[in-house]
Amino acid sequence: YTSYAGITTARMTSFISSLSSCLIIIIIARSATKLTTSYHRLVFGMSVADTIGSLAIFCSTWLMPKDMIYQQFEGAVYGNASTCTAQGFMFFSGVLGTFAFNTALCIYYASVIRYKISEERFQKCVEPILISL
């Protein structure tokens, strides 16, 4: 993230990721089943978290405090301490949420495919535990 090439690459890939996650959110919201299935809820949550984290990465150096001296970063700096803190919170919560929902999705697949747990039983027994974590 220190060179223009690194910053531009991070911004482009995070923008594409955010756009793709928004598209998944729209597809789920417009589907016939909406958020009635566990799979849709888990993918929806992961997409929301990815959008938040990707937007934080997209902002890269823009939200860093401009009153500090950064010799290693070549990108433009416009922010302050509050914007930097907000970006850090967005990044941390977005990435952590994405990992958590991805883990929950893996457990969903293992439960449904390997252990043949029905959708209703998963929703009643397993999903509340996954969401509460």
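Look up: the structure comes first, before these words.
Conventions used here
- Residues numbered from 1 in each chain as written.
- Predicted model: local features only at pLDDT ≥ 70, side-chain atom pairs only at ≥ 80, totals over all residues.
- Heavy atoms only, no water.
- Phe/Tyr/Trp six-rings, centres within 6.5 Å; stacked < 30°, edge-to-face > 60°.
- Lys NZ or Arg CZ within 6 Å of the ring centre and 35° of its normal.
- Core = buried A, V, L, I, M, F, W, Y, C linked by side-chain atoms within 4.5 Å.
- Buried < 20%, exposed > 50% of the residue type's maximum accessible area, 1.4 Å probe, protein only.
- Helix = DSSP H or I, 4+ residues; strand = E, 2+ residues; numbered from the N terminus.
- Contact = heavy atoms within 4.5 Å.
- Expected span 1.5 Å × (residues − 1).
- Polar contact = N/O pair within 3.5 Å; in protein donor to acceptor, adjacent residues only side chain to side chain.

Trainee: Sorry if this is basic, but what is going on with the packing of aromatic side chains here?
Mentor: In this description, a pair of aromatic rings is defined by centroid distance and the angle of the planes. Taken as a whole and assessed by the stated rule, the structure comprises 6 aromatic pairs. Here the aromatic cluster, defined as three or more aromatic residues joined through ring pairs, consists of Tyr39, Tyr108, Tyr109 and Phe122. Lying across the ring of tryptophan 62, arginine 11 places its NZ or CZ 3.8 Å from the centre.

Trainee: What should I look at first to understand the nonpolar core in this one?
Mentor: Soluble globular proteins tend to bury their nonpolar side chains together. Grouped together as the largest cluster of nonpolar side chains are 10 residues: Ile28, Leu42, Val43, Met46, Ala104, Leu105, Tyr108, Ile117, Phe122 and Leu130. Those elements that provide at least two residues to this core are helix H2 (38-59), helix H3 (81-114) and helix H4 (119-132). Ignoring sequence-local partners within four residues, the contact set of tyrosine 108 consists of Ser38, Tyr39, Leu42, Glu119 and Phe122.

Trainee: Is there a simple way to think about the environment of leucine 42 in this case?
Mentor: Along the chain, the position of leucine 42 falls in helix H2. Counting along the chain gives 21 residues from leucine 42 to serine 21, while the straight-line C-alpha distance between them is 13 Å. Ignoring anything within four residues of it in the chain, the contact list for leucine 42 reads Phe101, Ala104, Leu105, Tyr108 and Ile131.

Trainee: How should unusual backbone geometry be read in this particular structure?
Mentor: Backbone phi values are negative for most residues with the exception of glycine, while trans is the configuration of most peptide bonds. Although it is not a glycine, serine 60 adopts a positive phi angle of roughly 30°. Here serine 60 shows up in the loop between H2 and H3. The exposure class of serine 60 is buried, given its relative accessible area of 12%. Backbone geometry at lysine 116 places phi at a positive 55°, although glycine is not the residue there. Along the chain, the position of lysine 116 falls in the loop between H3 and H4. On the basis of relative accessible area, lysine 116 is assigned to the exposed category, the value being 65%.

Trainee: Whenever I open this one, H3 confuses me. Can you help?
Mentor: Since one α-helical turn is 3.6 residues long, residues separated by three or four positions face the same way. Compared with an ideal rise of 1.5 Å per residue, which puts 34 residues at 50 Å, H3 spans 48 Å between its outermost C-alpha atoms and is within 8% of the ideal. Residues of H3 that are buried: Gln87, Gly94, Gly97, Thr98, Ala104, Leu105, Tyr108 and Ser111. Buried residues belonging to H3 abut H2 and H4. Two or three places before serine 82, at the opening of H3, asparagine 80 has a side-chain oxygen 3.0 Å from that residue's backbone nitrogen. Looking one or two residues beyond H3, the residue adopting positive phi is lysine 116, at roughly 55°.

Trainee: Sorry, what's going on with the side chain of serine 54 here?
Mentor: Inspection of the secondary structure puts serine 54 in helix H2. With sequence-adjacent residues up to four places away left out, serine 54 is seen in contact with Ser14, Ser17 and Ser18.

Coordinates in, geometry out; function isn't part of it.
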